[in-house]
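Read off the chains here:
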Amino acid sequence: MKGRERKITQYVILIGILLLGGYAVGKTLFAPDEEKPKIGGRPPAFGQVADIEGNLHSLDDYKGRPVIINFWGTFCPPCVEEMPAIDRQYQKYRDQGLAVLAINLSEDDITVRDFLRKFDLHYTILRDRNRMIEKKYALRSYPTTFFVSRDGRIRDIKVGGMTDGEIEQRILKLLEA
């Protein structure tokens, strides 16, 4: 009888863990639409996020400027491919106030620094160490890029990699807004 009670207890615990895990995964993957950033809405604020040199940045630091917020990882081939394209477009339009915040998805310092040594990027690389920004933006795929106009509104959201032309087209719309 004692062995049977132990088995039942183990099954109850297992079912409880599976239910709790399923709830957590479901809440993350299927966030209600009202919690997700939308075109025309405002991007979720974030503050005091360190760049690769340790300087702190917040989204408020870029008020009144067109901003590209790009979520990326070294493990993501489309992310790696589009970063030089983003840099080329940034260098073209930075004199018009354009800012780029490339937010790395909590990879370790060595991985990010080794990756960045291969590229000569001129825009800001931020480190989302605990993935709090990623959660605020309800990300599901990488890369994901938000285009925010000077008035602080999201003008476009692109999931997946982009070419120079696609990036430039979106930047021109930001500068017109």
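None of these values were measured; they are calculated from a predicted model.

Enquirer: Which residues make up the state of the cysteines, and what values go with them?
Expert: Summed over the entire model, instances satisfying the criterion amount to one disulfide. A sulfur-sulfur separation of 2.3 Å characterises the disulfide bridge that pairs Cys76 with Cys79. Taking the torsion about the sulfur-sulfur bond, which here is approximately 80°, the covalent link between Cys76 and Cys79 counts as right-handed. Just as Cys76 is buried, Cys79 falls in that class too.

Enquirer: Lay out the side chain of Thr145 with the relevant residues and their values.
Expert: Residue placement: Thr145 occurs in strand β6 (residues 144-148). The exposure class of Thr145 is buried, given its relative accessible area of 0%. A distance of 2.7 Å separates polar atoms of two side chains, one belonging to Thr145 and the other to Asn70. When residues no more than four places from it in sequence are discounted, the contact partners of Thr145 are Ile68, Ile69, Asn70, Glu82, Asp156, Ile157, Lys158 and Met162.

Enquirer: Describe the sheet that holds β6, listing the residues and the values that go with them.
Expert: Within a sheet, adjacent strands bond to each other through the backbone by hydrogen bonds, running parallel or antiparallel. Pairing is mixed across the open sheet formed by five strands, whose spatial order is β5-β4-β3-β6-β7. Looking along the sheet, the strands with just one partner apiece sit at the ends: β5 (124-127) and β7 (154-159). Each neighbouring strand pair of the sheet contributes to a mean axis angle of 20°, computed without reference to strand direction. Pairing of β6 with β7, which is carried by five bridges, proceeds in the antiparallel orientation. Bridge pairing in β7 places Val148 opposite Ile154. The sheet contacts of helix α3 (residues 109-117) involve β3 (67-72), β4 (99-104) and β5, and relative to β5 the element is tilted by about 165°.

Enquirer: Give a detailed account of the pattern of salt bridges, specifying residues and quantitative values.
Expert: Taken as a whole and assessed by the stated rule, the structure comprises nine salt bridges. The partner of Arg129 in a salt bridge is Asp109, with the nearest N and O atoms 3.4 Å apart. One end of the pair, Arg129, is in the loop between β5 and α4 (132-136); the other, Asp109, is in helix α3, with 20 residues separating them in the sequence. Residue class for Asp109 comes out partly exposed when judged on its relative accessible area of 32%. Measuring nitrogen to oxygen at the nearest pair gives 2.5 Å for the salt bridge that ties Asp151 to Arg155. On the accessibility criterion, Arg155 (36% relative accessible area) is partly exposed. Each member of the salt-bridge network shares a partner with another, and the members are Asp109, Arg127 and Arg129.

Enquirer: Go over the packing of aromatic side chains with me, naming the residues and quoting the values.
Expert: In this description, an aromatic ring pair is defined by two values, namely the gap between the centres and the angle between the planes. For the coordinates displayed, the defined rule picks out seven aromatic pairs. Summarising the aromatic geometry, the rings of Phe71 and Tyr137 are spaced 5.1 Å apart at their centres and angled 55° between planes, so their arrangement reads as tilted. Of this pair, Phe71 sits in strand β3 while Tyr137 sits in the loop between α4 and β6, and the two are 66 residues apart along the sequence. By relative accessible area, Tyr137 is classed as buried at 2%. One aromatic cluster is present, formed by Phe71, Tyr137 and Phe146 through successive ring pairs.

Enquirer: Account for unusual backbone geometry, with residues named and values stated.
Expert: Of note, the amide linkage connecting Tyr142 to Pro143 takes the cis form, showing an omega dihedral of -10°. Inspection of the secondary structure puts Pro143 in the loop between α4 and β6. For Gln48, which is not glycine, the phi torsion reads 55° and is therefore positive. The exposure class of Gln48 is exposed, given its relative accessible area of 55%.

Enquirer: Go over the environment of Phe147, please, and point to the residues and values.
Expert: With respect to the secondary-structure elements, Phe147 resides in strand β6. Filtering out sequence-adjacent residues up to four positions away, Phe147 remains in contact with Val67, Ile68, Arg153, Ile154, Arg155, Asp156, Lys158, Met162, Arg170 and Leu174.

Definitions and limits used
- Residues numbered from 1 in each chain as written.
- Predicted model: local features only at pLDDT ≥ 70, side-chain atom pairs only at ≥ 80, totals over all residues.
- Heavy atoms only, no water.
- Disulfide = S-S within 2.5 Å.
- Buried < 20%, exposed > 50% of the residue type's maximum accessible area, 1.4 Å probe, protein only.
- Helix = DSSP H or I, 4+ residues; strand = E, 2+ residues; numbered from the N terminus.
- Polar contact = N/O pair within 3.5 Å; in protein donor to acceptor, adjacent residues only side chain to side chain.
- Contact = heavy atoms within 4.5 Å.
- Pairing = 2+ DSSP bridges.
- Axes fitted to C-alpha atoms, helices over the stretch in contact; angles between N-to-C directions.
- Salt bridge = Lys/Arg side-chain N within 4 Å of Asp/Glu carboxyl O.
- Phe/Tyr/Trp six-rings, centres within 6.5 Å; stacked < 30°, edge-to-face > 60°.

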